[in-house]
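As a plain string of letters, each chain reads:
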Amino acid sequence: MTEELTVITERVDDLPVLIASLEKLELAALTDQHIEVHGNWHGLSPGQVLTGWLAHILSEADHRLNQVQEWAGKRLETLQGCLGGPVCAHDFTDDRLAWVLDALSDDATWVSLEGALNQQTLRVYALEPRCVRIDSTTASGYWEVTEEGLFQFGHSKDGRPDQPQVKVVLSTLDPLGMPLATQVVSGEKADDPLYIPAIDQVRHGLDQQGLLYVGDSKLMALSTRAHLEAGGDFYLGPFSQTHMPPEVLDAYLQPVWSGEQALQVVERVNAEGKKEPIAEGFACIESLSVEQEGLSLDWEEQRLVVRSYRHAQASEKALRRRLTQAQTALEALNQRGKGKKRFDDVATLQQAAEALLKRHRVEGLLKVGYHEQVEERWVRAYGSRPAEKRCICQVHVQVEEDEVAIQQMMRRLGWRVYGTNQSPQQCSVEQAVLAYREEYQVERSLGRLKGKPLSLTPMYLHDDQRATGLIRLLSLGLRVLTLLEGVVRRQLEESGEKLNGLYAGNPTRATNRPTTELMLRAFKDVFLSLVTVGTQAHAHLSPLSDLQQKILHLLELPREIYTRLASDSFKPP
């Protein structure tokens, strides 16, 4: 009698890596501690559902709720081996996932969960917080705007002012770019008032003082600086032109121009391992006094006046280009011909010229003159009108560069003033410049949040509550991406090794700064085959390559997270 043969194949890919990393953070256990489940809940716990769903998002780059159940149904044995318990596709219905989002959208629940997760992360990965970076982004979409809703029109960072948006504020830990606090607010809100709540959320989650908070000019509002000083923390950021208008900057720079102020050159190690000068500057001290909640707060602020060489060069090039464009546009006002506007008086021509100067942002840098010229011209006969001689008034514009004004503008280019409440011993000009130059880290985290694999945009949810929960969920995924990357890069730096085989078509290319996305992609096409012959069951896992085993070693994860999938746990139906 012929026995029936059944073969089922599941894609394993990077799921064991992702789920094992989430288990290392005890995400499921912490979630179950902070989310109260209703009495009718059966199957996987909310924390296990959250873990499996996050693994799906990071592996498939898709956060849509209605895709997860079918995906899970094709990987039941893999998910069961990774999650350590029975799994069925109905554990991942869109109703269950929506319930998880509703739970994450509760502010009190999220703050307590995020704080507990921060403590667990610091302990497991032996992280020592020193520097926190804060920045915000917007996510635009085709949402309906309601009066008190989350999706509102506002200043768009996506270049889509025609679309409503939601705003996300991330506070990330250096040098990983790992989220410590995530805020979701309506899209019309200004950035400035969001920094103090973000700082308080980080303080709650870390329970530490003496951290350095780095941000853009929005961080440098006086109230925010006072809040940090009062709480025993430090700040570093650039002043905007509102805080530091040109006349104040000129006052700082006057001793430089007169040769009285020496400048310190800032160097940075380039990709070739050589030091190259990138900036120059000096520091001075200002005394500040603020009334904070009825109390007088006094402290000394270090002002760092810095000129970036690259910024100065780029600004000079842009200024020269605008000057040329403005001159060309002004001289075109004198042209006569078909389709050209004719100016018959100085006032009209001057109005047009000033509009061009403003458009090209070169006011005060060009000398513009106007003169009238009256000529007698014959006007030819037309119909019954005889030819006649008329006096025609022509108005012309003359333009030339104001070299003195241009040179004064040039010497100001590239200069910017930074502020910090750290002493010169704690933060020199060089340290401040290099610290702020790392601001790309939080920007990269925001880019990951909006791009693949987290793919916040486009968002397929239109409910405010669930959209808030989804953004918070994706911030947990961002935490995993940054942690895995940080662990491997630290290991490679300590050993002096490089990792090769990550780049398609170039197997010999090596790097000591691999991205998590590249490392996860290296686990593509790992399959679990489940073979049943009669009552006999067998499981076979694709053998792990040398690269995959190397990545597991660098991630400090055992091979067993894969090999256990092909153990005796598989039972025939």
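Data block above holds the structure.
For the structure given in this document, a descriptive report is provided here. (Residues numbered from 1 in each chain as written. Predicted model: local features only at pLDDT ≥ 70, side-chain atom pairs only at ≥ 80, totals over all residues. Heavy atoms only, no water.)

### Some thoughts on the layout of surface pockets
Reasoning step 1: In this structure, the largest pocket spans a volume of roughly 1000 Å³.
Reasoning step 2: Lining of the largest pocket is provided by 32 residues; of these, P175, L176, Q441, E493 and R513 occupy positions nearest its centre.
Reasoning step 3: Those elements that place two or more of their residues in the lining of the largest pocket are α14 (429–437), α15 (440–450) and α16 (464–495).
Reasoning step 4: Considering each element in turn, the lining of the largest pocket owes the most residues, eight residues, to α16.
Reasoning step 5: When its residues are assigned to classes, the lining of the largest pocket shows 13 nonpolar, six polar and 13 charged.
Reasoning step 6: Estimates place the volume of the second largest pocket at around 870 Å³.
Reasoning step 7: Surrounding the second largest pocket, 28 residues form its lining, Q241, H311, R412, G414 and W415 being those nearest its centre.
Reasoning step 8: Contributions of two or more residues to the lining of the second largest pocket are made by α10 (246–257), β9 (295–308), α11 (309–332), β12 (415–420) and α14.
Reasoning step 9: Considered class by class, the residues forming the lining of the second largest pocket number 16 nonpolar, six polar and six charged. (1 Å grid on protein atoms, 1.4 Å probe; cavity = no way out; pocket = protein on both sides within 12 Å on 5 of 7 lines; lining within 4 Å. Points joined across faces, edges and corners; volume = space filled by probe spheres on them. Helix = DSSP H or I, 4+ residues; strand = E, 2+ residues; numbered from the N terminus. Nonpolar A, V, L, I, M, F, W, Y, C, P; charged D, E, K, R; others polar.)

### Re the sheet that holds strand β8 (residues 275–292)
Reasoning step 1: Taken in spatial order, the nine strands make up an open sheet running β4-β3-β2-β5-β6-β12-β9-β8-β7, and their pairing is mixed. Every interior strand has two partners, whereas the edge strands, β4 (178–186) and β7 (264–269), have only one. For this sheet, the mean inter-axis angle between neighbouring strands, taken without regard to orientation, is 25°.
Reasoning step 2: With nine bridges connecting them, strand β2 (residues 131–140) and strand β3 (residues 165–173) associate as antiparallel partners. Directly across from I134, in β3, lies its bridge partner S171.
Reasoning step 3: Here helix α8 (residues 195–206) sits on the sheet and contacts β2, β3, β4 and β5 (212–214); the angle it forms with β4, its principal contact strand, is near 140°. (Pairing = 2+ DSSP bridges. Axes fitted to C-alpha atoms, helices over the stretch in contact; angles between N-to-C directions. Contact = heavy atoms within 4.5 Å.)

### Focus on the environment of I199
Reasoning step 1: Mapped onto the fold, I199 is located in helix α8.
Reasoning step 2: Residues I199 and Y213 lie 14 residues apart in sequence; the distance between their C-alpha atoms is 8.3 Å.
Reasoning step 3: Not counting the four nearest positions on each side in its chain, I199 is found in contact with I134, Y213, L219, T224, H227 and L228.

### Overview of the packing of aromatic side chains
Reasoning step 1: Considering all chains together, one arrives at four aromatic pairs under this definition.
Reasoning step 2: An angle of 10° between the planes, with centres 5.5 Å apart, marks the rings of F523 and Y562 as stacked. Of this pair, F523 sits in the loop between α17 (516–521) and β15 (527–533) while Y562 sits in helix α19 (residues 560–563), and the two are 39 residues apart along the sequence.
Reasoning step 3: According to the relative accessible area criterion, Y562 is buried, its value standing at 0%.
Reasoning step 4: In this structure, R96 is placed above the aromatic ring of W41, and the distance from its NZ or CZ to the ring centre is 4.1 Å. (Phe/Tyr/Trp six-rings, centres within 6.5 Å; stacked < 30°, edge-to-face > 60°. Buried < 20%, exposed > 50% of the residue type's maximum accessible area, 1.4 Å probe, protein only. Lys NZ or Arg CZ within 6 Å of the ring centre and 35° of its normal.)

### Some thoughts on the pattern of salt bridges
Reasoning step 1: Under the defined criterion, the tally for this structure stands at 27 salt bridges.
Reasoning step 2: A salt bridge links E128 to R130, with the shortest nitrogen-to-oxygen separation between them at 2.9 Å.
Reasoning step 3: The exposure class of R130 is exposed, given its relative accessible area of 57%.
Reasoning step 4: We note a salt bridge from D200 to R203, for which the minimum N-O separation is 3.8 Å. One end of the pair, D200, and the other, R203, are both in helix α8, three residues apart, so they sit about a helical turn from each other.
Reasoning step 5: Members of the salt-bridge network, linked through shared partners, are R444, R448, E485, R489 and E517. (Salt bridge = Lys/Arg side-chain N within 4 Å of Asp/Glu carboxyl O.)

### A closer look at unusual backbone geometry
Reasoning step 1: The omega torsion across D174 and P175 is -5°, close enough to zero to call that bond cis.
Reasoning step 2: By the element assignment, P175 lies in the loop between β3 and β4.
Reasoning step 3: Across the junction of K452 and P453, the peptide omega takes the value 5°, indicating a cis bond.
Reasoning step 4: Along the polypeptide, P453 turns up in the loop between α15 and α16.
Reasoning step 5: Residue S455 is not a glycine yet carries a positive backbone phi of 55°.
Reasoning step 6: Its location among the elements puts S455 in the loop between α15 and α16.
Reasoning step 7: Since its relative accessible area comes to 11%, S455 is described here as buried.

### What to know about the side chain of R448
Reasoning step 1: Residue placement: R448 occurs in helix α15.
Reasoning step 2: Side chain to side chain, R448 and E517 meet in a polar contact 2.9 Å long.
Reasoning step 3: Residues contacting R448, with those up to four places away along its chain left out, are L454, S455, L478, L481, T482, E485, T515, T516 and E517. (Polar contact = N/O pair within 3.5 Å; in protein donor to acceptor, adjacent residues only side chain to side chain.)

### Focus: the sheet that holds strand β1 (residues 5–11)
Reasoning step 1: Spatial ordering of the open sheet is given by β1-β15-β16, a layout of three strands whose pairing is antiparallel. Here the strands that pair on one side only, and so sit at the sheet edges, are β1 and β16 (536–541). Pairwise comparison of adjacent strand axes, ignoring direction, gives a mean angle of 15° for this sheet.
Reasoning step 2: The pairing of β1 with β15 spans seven bridges and is classified as antiparallel. If you follow R11 over to β15, its bridge partner there is F527.
Reasoning step 3: Across the sheet, helix α5 (residues 76–83) is in contact with β1 and β15; its angle to β1 comes to roughly 60°.

### Structural notes on the nonpolar core
Reasoning step 1: Within the largest apolar cluster, 128 residues are counted, with the highest numbers of intra-cluster contacts made by V17, F92, L473, L502, I551 and Y562.
Reasoning step 2: The greatest single-element share of this core, amounting to 14 residues, is contributed by α16.
Reasoning step 3: Other than its neighbours up to four places away in sequence, L473 contacts L50, W53, L54, I57, L101 and L104.
Reasoning step 4: Counting residues in hydrophobic clusters, the runner-up holds 20 residues, among them L357, L365, A405 and M410. (Core = buried A, V, L, I, M, F, W, Y, C linked by side-chain atoms within 4.5 Å.)

### What to know about the environment of I278
Reasoning step 1: Its location among the elements puts I278 in strand β8.
Reasoning step 2: Considering only alpha carbons, one finds I278 and R320, 42 residues apart in sequence, at a separation of 22 Å.
Reasoning step 3: If we ignore the near neighbours within four places in the chain, the residues touching I278 are V266, R268, R307, S308, Y309, R310, V433, L434 and R437.

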